[in-house]
Amino acid sequence: MSTAVLRAGLIGLGSMGRNHARVLAGLEGVELVGVVDPMGDKNGWAQGAPVLSAVDELIALGIDYAVVACPTALHEEVGLQLADAGVCALIEKPLADTVEGARRLVEAFESRGLVAGVGHIERCNPALRSLRSRLEAGELGDVFQVVTRRQGPFPHRIADVGVVKDLATHDIDLTGWVTGRTYASIAAHTVSKSGRPHEDMVSAVGQLSDGTMVNHLVNWLSPLKERFTSVTGERGCYIADTLTADLTFHSNAAVTTEWEALRAFRGVSEGDMIRYAIPKREPLLVEHELFRDAVRGEAADICTLRQGLRTVEVAAAVLESAAGRTTVRLDTDSAAA
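Residues numbered from 1 in each chain as written. Predicted model: local features only at pLDDT ≥ 70, side-chain atom pairs only at ≥ 80, totals over all residues. Heavy atoms only, no water.

- Looking at an unreviewed UniProt entry, one finds the protein named Gfo/Idh/MocA family oxidoreductase and attributed to [Kitasatospora] papulosa.

Shown next, in the form of structure tokens:
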């Protein structure tokens, strides 16, 4: 374990890159020594760090790790370049735009013993972190179903992937992470209404390795922005709003409903609703702190490349299912932490 200041670099100054630059510039124990973006930095997003035109120039500065925030199609090329140079990397999600590319990245970093992670930022959302800890403590009992809705207007920053790889990967990862389970099967439908070559809406239903049912609705076609996750189990239902980082619990009650017709319709009795008070730190800052600690050799709960690979595999299965109008089964034994 080392407490020396880590030298960090950033690749990409797009909508996420500029936020990474802001956090890196103020991150304790880290110095942002350079940023790579061929388009330059007309808006001053680099926080005063030198702006370079190529990754090899950044590597030449002598960096301990780099944050990869360039377009998804470039993740594999840039990641392999960093691995070859012995540089640790935090790669934005999704890990790569193909399963094969994601596998090559896993092999490149693991074979060299380098710390590497994927920026699945929902793992650092306060509501989901609280939800996960409560599920791990058994507060919900047996889990029956996970439902997510991720809807909003089309983000013009996205040009190289569709809604499955850009947005649904959030829900795929967080579902596996909060439940501690892997996907066993998935069936999906997609539509393309915006005139782009990629899908802009997906509806998917699946099953996890323990039989838990999952449902995902993700689109870029709604004027309503929604980030909803619910987990239903034997003792009630948790609802997480990751826009506001609020977590509420609707419990099953022991009090019997006396109105017989209503009791028959509901199936379970209504109980208390609790809105938890949760410390709300910026998820991106938490993500960077965890990765910094991992690079230092400390125990840190980061999204590993193998976990990121699994998410890419499930996303590919979603697209395969939609294209073939069939249910795709996944190998639950291949998933590793």
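1. Observations concerning the overall build of the protein
Phase 1 of the analysis: A tally of helices and strands in the protein yields nine helices and 15 strands.
Phase 2 of the analysis: Considered along the principal axes of its C-alpha atoms, the protein spans approximately 75 × 45 × 40 Å.
Phase 3 of the analysis: Residue burial in the protein is summarised as follows: out of 337 residues, 51% are buried.
Phase 4 of the analysis: The long-range share in the protein, meaning contacts at least 24 apart out of those at least 6 apart in sequence, stands at 68%.
Phase 5 of the analysis: Approximately 15,500 Å² of the protein is accessible, and the part contributed by carbon and sulfur atoms is 51%.
Phase 6 of the analysis: If you average the places of the 33 positive and of the 44 negative side-chain charges in the protein, the two averages end up 3 Å apart. (Helix = DSSP H or I, 4+ residues; strand = E, 2+ residues; numbered from the N terminus. Buried < 20%, exposed > 50% of the residue type's maximum accessible area, 1.4 Å probe, protein only. Contact = heavy atoms within 4.5 Å. Areas by Shrake-Rupley, 256 points an atom, 1.4 Å probe, with all protein chains shown as cover. Lys, Arg positive; Asp, Glu negative; His and termini not counted. Charge placed at Lys NZ, Arg CZ, Asp CG, Glu CD.)

2. A few points about the side chain of Thr212
Phase 1 of the analysis: Within the secondary structure, Thr212 is located in the loop between β9 (201–208) and β10 (213–219).
Phase 2 of the analysis: One polar contact links Thr212 to Asp210, side chain to side chain, over a distance of 2.9 Å. (Polar contact = N/O pair within 3.5 Å; in protein donor to acceptor, adjacent residues only side chain to side chain.)

3. Some remarks on the side chain of Thr72
Phase 1 of the analysis: The topology assignment puts Thr72 in the loop between β4 (65–68) and α3 (75–84).
Phase 2 of the analysis: Contact partners of Thr72, with chain neighbours within four places excluded, come to Pro94, Ala96, Asp97, Asp160 and Val161.

4. Comments concerning the nonpolar core
Buried together is how nonpolar side chains tend to be arranged in soluble globular proteins.
Phase 1 of the analysis: Of all hydrophobic cores here, the largest spans 55 residues; its most connected members are Leu10, Ile11, Leu24, Tyr65, Leu82, Leu95 and Phe109.
Phase 2 of the analysis: Examining the composition of this core, we find that six residues originate from one element, helix α4 (residues 99–111), more than from any other.
Phase 3 of the analysis: When sequence neighbours within four positions are dropped, the list of residues in contact with Leu82 reads Ile11, Val55, Ile59, Ala66, Val68, Val87, Ala89 and Phe109.
Phase 4 of the analysis: If you look at the next biggest cluster of nonpolar residues, it comprises 36 residues, including Leu128, Leu208, Tyr276 and Ala315. (Core = buried A, V, L, I, M, F, W, Y, C linked by side-chain atoms within 4.5 Å.)

5. Description of the UniProt feature "domain: Gfo/Idh/MocA-like oxidoreductase N-terminal" (unreviewed entry) in the protein
Phase 1 of the analysis: As annotated by UniProt and renumbered to match this structure, "domain: Gfo/Idh/MocA-like oxidoreductase N-terminal" (unreviewed entry) occupies residues 7–120.
Phase 2 of the analysis: The span residues 7–120 is 34% helical and 24% strand by assignment, and the distance between its end C-alpha atoms comes to 22 Å. (UniProt positions renumbered as here; feature names shortened; annotations may be inferred.)

6. Focus on the sheet that holds strand β2 (residues 30–36)
Phase 1 of the analysis: Overall, parallel pairing links the six strands, which are arranged β3-β2-β1-β4-β5-β6 in an open sheet. Edge strands, defined here as strands with exactly one partner in the open sheet, are β3 (51–52) and β6 (116–119).
Phase 2 of the analysis: Bridge count between β4 and strand β5 (residues 88–92): four bridges; the pairing is parallel. The residue bridging Val67 from the neighbouring strand is Leu90, located in β5.
Phase 3 of the analysis: Sheet contacts for α3: β1 (6–11), β4 and β5; angle to β4, the most-contacted strand, approximately 180°.
Phase 4 of the analysis: Running over the sheet, helix α8 (residues 283–295) touches β1, β2, β4, β5 and β6 and is turned about 155° from β5. (Pairing = 2+ DSSP bridges. Axes fitted to C-alpha atoms, helices over the stretch in contact; angles between N-to-C directions.)

7. Regarding the sheet that holds strand β12 (residues 236–241)
Phase 1 of the analysis: Taken together, nine strands build an open sheet; the order of strands is β14-β13-β12-β11-β7-β10-β9-β8-β15 and the sheet is mixed. Each of the sheet's edge strands pairs with one partner strand only, and the pair in question is β14 (270–275) and β15 (328–329).

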